[in-house]
Amino acid sequence: MTETVFMTGGTGFIGSYVVNHLIRERDERIALLVRAKGRQDAERKLWRGLQLHMDAERFWDALSRIDFVYGDLTASRLGMDDAGWDRVTRTAGSILHIAASLNRKSAKDCLNVNLRGTLGVVKLAQAVAARNGLRRFSEVSTTAIAGRRAHETLGEDEMIEWDRSDYDPYARTKKFGEHMVRELLPDVSHLFFRPSSVLGDSRRPATTQFDMTRMCMLSELPVIPISPAARLDVVNADWVGKAIAILHTKDRPAHDTYNLSSGVASKTVTEITHTLARFEGKRPPVIRGDLEKPFERLIELANTVPGKNAFTLLASLLQVFWPYLTFDTVFRNDRAVAEVGEAPVAFTEYCGPLYRWVKSVGWKYPYRELPERPVSAAVSGEVRA
């Protein structure tokens, strides 16, 4: 019997890669939680995510494998009414929880989505397990759960230390989310996926995620105040999505936790910024680690300046991501590479075309409206809430 995978976050950046891989390479049905007013609204939201991966014709075909579950991650019973809850608990064979708030500045958003939302999905998993059994519960976490680090190389079992401080609410709530799953679903097979900095697609320059790509702007500075040998664990989204889909659907994964990262193959600040400069035909920046602390103080000062411009926007992003640029810590990916059968693509292999493309579109993806459904296209199911 074909399994139904109940999924959250399928309309998001990483989720769209997972949905695309499942549709192209597997035969599972997908019950997709979506916050929408109705079917047309749900289709538009999913199209925004999947148009990076497929044309409209293939999208309409893909809908025959997707059942929309209308709801809200932070609402009671995920916003589903009795009929919707009954259908999901009766048909779901596994659960793949991807949705999360990445708002590192907002403790409120992280609390509501990453903790309350995850608790809601866990309670659904308990109901599914009690009714028909649950093959697996998988959660997309993050390498940020490792907390404040400096100059380390970490495996999956070395990352959670409860006495170690976290960089931000995102890391803190995702770490507790993992703990909650382990505590509340002790008898259900569970997997945790921990992506590092997911940035770009190794196969094409187009992307729908732009915040992290702004870090490439560092290559245009005359001087970069970071240690020249600091490693940046950046991983391509196409490999991350493939790894999640393969491992979630695998009968017997070898482990319960996987870093989805570049690991010891991560490139240094020097390698990345010099690659970007050469691609643009510009002089490479000077890398000065001794200026790191003064630059941190400059970032703090810049974030007190009123108004918005290119400098204050970069300063705002740097305030959030600076710890992840300077902590020189990478996360071993041996487990995932062995089971996926391939390693991620080095960021230096595709960062140049990626950065040129995002600048060419003004840091905004050129979304296309969804064309009219062909008369012959099949209609997928839906679960109302």
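A.B. asks: What's the story with the pairing of strand β4 (residues 92-97) in this structure? I'm lost.
C.D. replies: Of all six residues in β4, six are buried, a share of seventy percent or more. Note that strand β1 (residues 4-8) and β4 share five bridges and pair parallel. Of the residues in β4, the one forming a bridge with Met-7 is Leu-96. For β4 and strand β5 (residues 136-140), the ladder comprises four bridges, and the chain directions are parallel. If you follow Ile-95 over to β5, its bridge partner there is Phe-137.

A.B. asks: How should I be thinking about the packing of helix α4 (residues 82-91) against helix α5 (residues 107-131) in this particular structure?
C.D. replies: When two helices pack together, their arrangement is given by the angle between the helix axes and the distance between those axes. α5 packs onto α4 with a crossing angle of 60° between their chain directions and a minimal axis gap of 8 Å. In this view, α4 runs oblique relative to α5, as classed from their interaxial angle. At the point where α4 passes α5, the crossing takes the right-handed sense. Across from Trp-85, Asp-86, Val-88, Thr-89 and Arg-90 in α4, the residues of α5 making contact are Lys-123, Leu-124, Ala-127, Val-128 and Arg-131. Residues belonging to the contact of α4 with α5 are distributed by class as follows: five nonpolar, one polar and four charged.

A.B. asks: Can you help me understand the packing of aromatic side chains in this one?
C.D. replies: Remark: the centre distance and the inter-plane angle together describe each pair of aromatic rings, the angle taken between the planes. Tallied over the entire structure, the rule returns 14 aromatic pairs. Here Tyr-167 and Tyr-324 contribute two aromatic rings whose centre-to-centre distance is 5.2 Å and whose plane-to-plane angle is 65°, an arrangement assigned as edge-to-face. With Tyr-167 in the loop between β6 (152-154) and α6 (169-184) and Tyr-324 in helix α10 (residues 310-326), this residue pair connects regions lying 157 residues apart in the sequence. In this pair, the class of Tyr-167 matches that of Tyr-324, namely buried. Centroid distance Tyr-167 to Phe-327: 5.9 Å. Interplanar angle 70°. Geometry classified as edge-to-face. Separated by 160 residues along the polypeptide, Tyr-167 in the loop between β6 and α6 and Phe-327 in the loop between α10 and β15 (329-331) bring together distant segments of the chain. Of the residues examined, Phe-327 reaches a relative accessible area of 9% and is grouped as buried.

About the criteria used
- Residues numbered from 1 in each chain as written.
- Predicted model: local features only at pLDDT ≥ 70, side-chain atom pairs only at ≥ 80, totals over all residues.
- Heavy atoms only, no water.
- Buried < 20%, exposed > 50% of the residue type's maximum accessible area, 1.4 Å probe, protein only.
- Helix = DSSP H or I, 4+ residues; strand = E, 2+ residues; numbered from the N terminus.
- Pairing = 2+ DSSP bridges.
- Axes fitted to C-alpha atoms, helices over the stretch in contact; angles between N-to-C directions.
- Parallel < 35°, antiparallel > 145°, perpendicular 65-115°, else oblique.
- Left-handed = near helix turned anticlockwise from the far one by under 90°.
- Contact = heavy atoms within 4.5 Å.
- Nonpolar A, V, L, I, M, F, W, Y, C, P; charged D, E, K, R; others polar.
- Phe/Tyr/Trp six-rings, centres within 6.5 Å; stacked < 30°, edge-to-face > 60°.

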